[in-house]
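Understanding the architecture of this molecule
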Amino acid sequence: MRKIIVEALMFSAYALFAASWVAGAILTPEIQQSFAQEGLANASWGSNAITLAKILGNLAAAMVLVKLGIRYAFTTAILLIAAGGLGAFADSYNGWLLSRLALGLGGALAIVYFNPVVLHYFRPSERPVVNGINAAAFNTGNLLALLTTSILLPWLGSWENLILLYGAMVASLALLWWLCAESIPLAGNSTDSVQTRPYRLREGLTDPFNWWLPLAYCGVLFCYIAVFALFPLLDTFAVQSTHLSAVMIATGMVGTVAGIVTTKRLPMRLPVIRASGAALTLSATAMIVTSSPTIAYSAAAMAGFFMFLPMTALVTLPQELPGMTPARITVIFGMFWSIAYGIETLLMWGATTIADVSGIAASAAWIAVVCSASLFAVSFKLPETGTAANTERSVNANT
């Protein structure tokens, strides 16, 4: 029972992090007006602060975990997310940005700590389901904000009250987490010498796998963020880009469920990752080149589906590596999210710069679609950890 409560609290905290982030983005005009700010550059700083915090926070996650243990570390993460609500009391735009920075740091820590908790509490047969559920946390919060912000704003009276509401909800989760959580052994429960060997960031930086994994995902992350942050600035699509975004979110949730089922039923991980990567790029290409609204909507639906279908397999794959421990998985995913967001930030800057210099706005969308092929291309550098691969390793070890 404890593991269900712990998982529910972690999921809820990250979903509310996403909801607060997206609600802040939706309310940017009202927030700018409150602080007498204007212009797209200033408007982007709210999301930029969160992205920067995630890059730094993901790298720091392993060190915080080692110093504090999972109970204190995730408490810190939840309290930082809750601190995003303090932006309601900011008396300057810089104060608001500081609250967004705290929110981003909390989210960065939280998403990394999913993995050691899943590794500790859940059996290998249960992990695909839990990993898939966790992969849907951000989309759940995203959808929550999209559906409720326009409803809650008139009821609460101001953007400050809405942001404060999210902060208060997360703060209550921090109390529940503190009452329910327990410390977990970072070295794992096995006496295997591979598991008990210290695995810190310095070891992680020299492990090629820890670089290939985020390189595989960074293009997908860029394409996902481009759909919400970049595509609305373009007018070259067959239908409104906001409609494409809504379709992709909806089918992404379906893709997450399909990913859970697929990962549980298929013995291998790489075929799912590879096929989904290829299908994503092809669907996204059709979405931006077609002049038919029907094809555009259909392609967006397929792109959203295949964007999230491989996530369960991608997150489960590192957990199945030989000798995996909570400490090592924390380093792996700390590097994963930090590197992926870092590269995504550079790709976004490069795509928009090329579009500005060339005068061809559509080139930015093309770059995002081409980069989504990273999942397919880099999957050939990832190890297979599925059931068949594990069985083969065991046979070889015994002969």
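Residues numbered from 1 in each chain as written. Predicted model: local features only at pLDDT ≥ 70, side-chain atom pairs only at ≥ 80, totals over all residues. Heavy atoms only, no water.

Looking at an unreviewed UniProt entry, the protein carries the name MFS transporter, with the source organism given as Microbulbifer spongiae.

1. Comments concerning the packing of helix H1 (residues 2–26) against helix H7 (residues 159–180)
Where we set the bar: Lines are fitted to the C-alpha atoms to define the axes, a helix being fitted only along its stretch in contact, and any angle between axes, read from their N-to-C directions, falls within 0 to 180 degrees. Where helices and strands are cited, they refer to DSSP runs of H or I of at least four residues and of E of at least two residues respectively, numbered from the N terminus. Relative orientations are named as follows: roughly parallel for angles under 35 degrees, roughly antiparallel for angles over 145 degrees, roughly perpendicular for angles from 65 to 115 degrees, and oblique for any other angle. Throughout, a crossing is termed right-handed when the near helix is turned clockwise from the far one, and left-handed when it is turned anticlockwise from it by less than a right angle. Contacts were defined at the residue level, with two residues in contact if any of their heavy atoms lie within 4.5 Å. Asp, Glu, Lys and Arg are counted as charged, while Ala, Val, Leu, Ile, Met, Phe, Trp, Tyr, Cys and Pro are counted as nonpolar; the rest, among them Gly, fall into the polar class.
Two numbers describe how H1 lies on H7: the axes approach to 10 Å, and their chain directions differ by 160°. As summarised for this structure, H1 and H7 are arranged roughly antiparallel, according to the angle between their axes. Read as a crossing pair, H1 and H7 show a hand that is left-handed. Contact with H1, carried on its side by Arg 2, Ile 5, Val 6, Leu 9, Met 10, Ser 12, Ala 13, Leu 16, Ala 19, Ser 20, Ala 23 and Gly 24, involves Ile 163, Tyr 166, Met 169, Val 170, Leu 173, Leu 176, Trp 177 and Cys 180 of H7 and no other residues of that element. Residue composition of the contact of H1 with H7, grouped by class: 16 nonpolar, 3 polar and 1 charged.

2. Details of the environment of His 120
Defined as follows: Remark: exposure states derive from per-residue accessible area (1.4 Å probe, protein chains only) relative to the maximum for the residue type, with buried under 20%, exposed over 50%, and partly exposed in between.
With respect to the helices, strands and loops of the structure, His 120 is situated in helix H4 (residues 93–121). Take His 120: its relative accessible area is 25%, and that puts it in the partly exposed class. Taking the C-alpha atoms as reference points, His 120 and Lys 3, 117 residues apart in sequence, are found 9.3 Å from one another.

3. Focus: the nonpolar core
We count it as follows: For our purposes a nonpolar core is just a set of buried Ala, Val, Leu, Ile, Met, Phe, Trp, Tyr and Cys residues, chained together by side-chain atoms within 4.5 Å.
Grouped together as the largest cluster of nonpolar side chains are 115 residues, with contacts concentrated most on Phe 74, Tyr 113, Tyr 217, Phe 231 and Leu 314. When neighbours within four sequence positions are excluded, Phe 74 is seen to be in contact with Met 10, Ala 13, Ala 110, Tyr 113 and Trp 177. Membership of the second largest hydrophobic core comes to 5 residues, among which are Ala 62, Val 331, Met 335 and Ile 339.

4. Re the side chain of Thr 312
Within the secondary structure, Thr 312 is located in helix H14 (residues 311–319). With relative accessibility at 0%, the residue Thr 312 sits in the buried group.

5. Notes on the packing of aromatic side chains
Put simply, the rule is: Each Phe, Tyr or Trp ring (for Trp, its six-membered ring) is paired with any other whose centre lies within 6.5 Å, and the angle between the two planes then decides the class: stacked below 30 degrees, edge-to-face above 60, tilted in between. Sitting over a ring, as applied to charges here, requires NZ of Lys or CZ of Arg to be within 6 Å of the ring centre and within 35 degrees of the ring normal.
Taken as a whole and assessed by the stated rule, the structure comprises 17 aromatic pairs. Ring geometry for Phe 333 against Phe 336: centres 5.6 Å apart, planes inclined by 65°, an arrangement best described as edge-to-face. In this pair, Phe 333 and Phe 336 both sit in helix H15 (residues 326–358), 3 residues apart, roughly one turn of the helix. Of the two residues, Phe 333 and Phe 336, neither departs from the other in class, the shared state being buried. Of the aromatic side chains, those joined through ring pairs into one cluster are Tyr 14, Phe 17, Trp 21, Phe 114 and Phe 138. The residue whose ring lies beneath Arg 274 is Phe 380, and the NZ or CZ to ring-centre distance is 4.0 Å.

6. Section: helix H6 (residues 137–156)
To keep things clear, this is the line we draw: Each helix should span, by expectation, one fewer than its residue count multiplied by 1.5 Å. Bending is quantified residue by residue as the angle between axes fitted to the seven-residue window ending at that residue and the seven-residue window starting at it.
End to end, H6 covers just 25 Å across 20 residues, shorter than the expected 28 Å (1.5 Å per residue, more than 12% under). Along H6, the largest kink reaches about 50° and is centred on Thr 148. Among the residues of H6, those classed as buried are Ala 137, Phe 138, Asn 139, Gly 141, Asn 142, Ala 145, Thr 148, Thr 149, Leu 152 and Leu 153. Looking one or two residues beyond H6, the residue adopting positive phi is Gly 157, at roughly 100°.

7. Comments concerning the pattern of salt bridges
Where we set the bar: For this analysis, a salt bridge means a side-chain nitrogen from Lys or Arg found within 4 Å of a carboxyl oxygen belonging to Asp or Glu.
By the definition in use, this model includes 5 salt bridges. Note that Glu 182 is salt-bridged to Arg 2, the shortest N-O span being 3.8 Å. Taken together, the residues span a long stretch of sequence, with Glu 182 in the loop between H7 and helix H8 (193–196) and Arg 2 in helix H1 at a distance of 180 residues. On the accessibility criterion, Glu 182 (30% relative accessible area) is partly exposed. Residue Arg 2 is classed as partly exposed on the basis of its relative accessible area, which comes to 39%.

8. Remarks on H15
Taking 1.5 Å as the rise per residue, H15 with 33 residues should run 48 Å; its terminal C-alpha atoms sit 47 Å apart, in good agreement. Just beyond H15, the residue with positive phi is Gly 359, at close to 75°.

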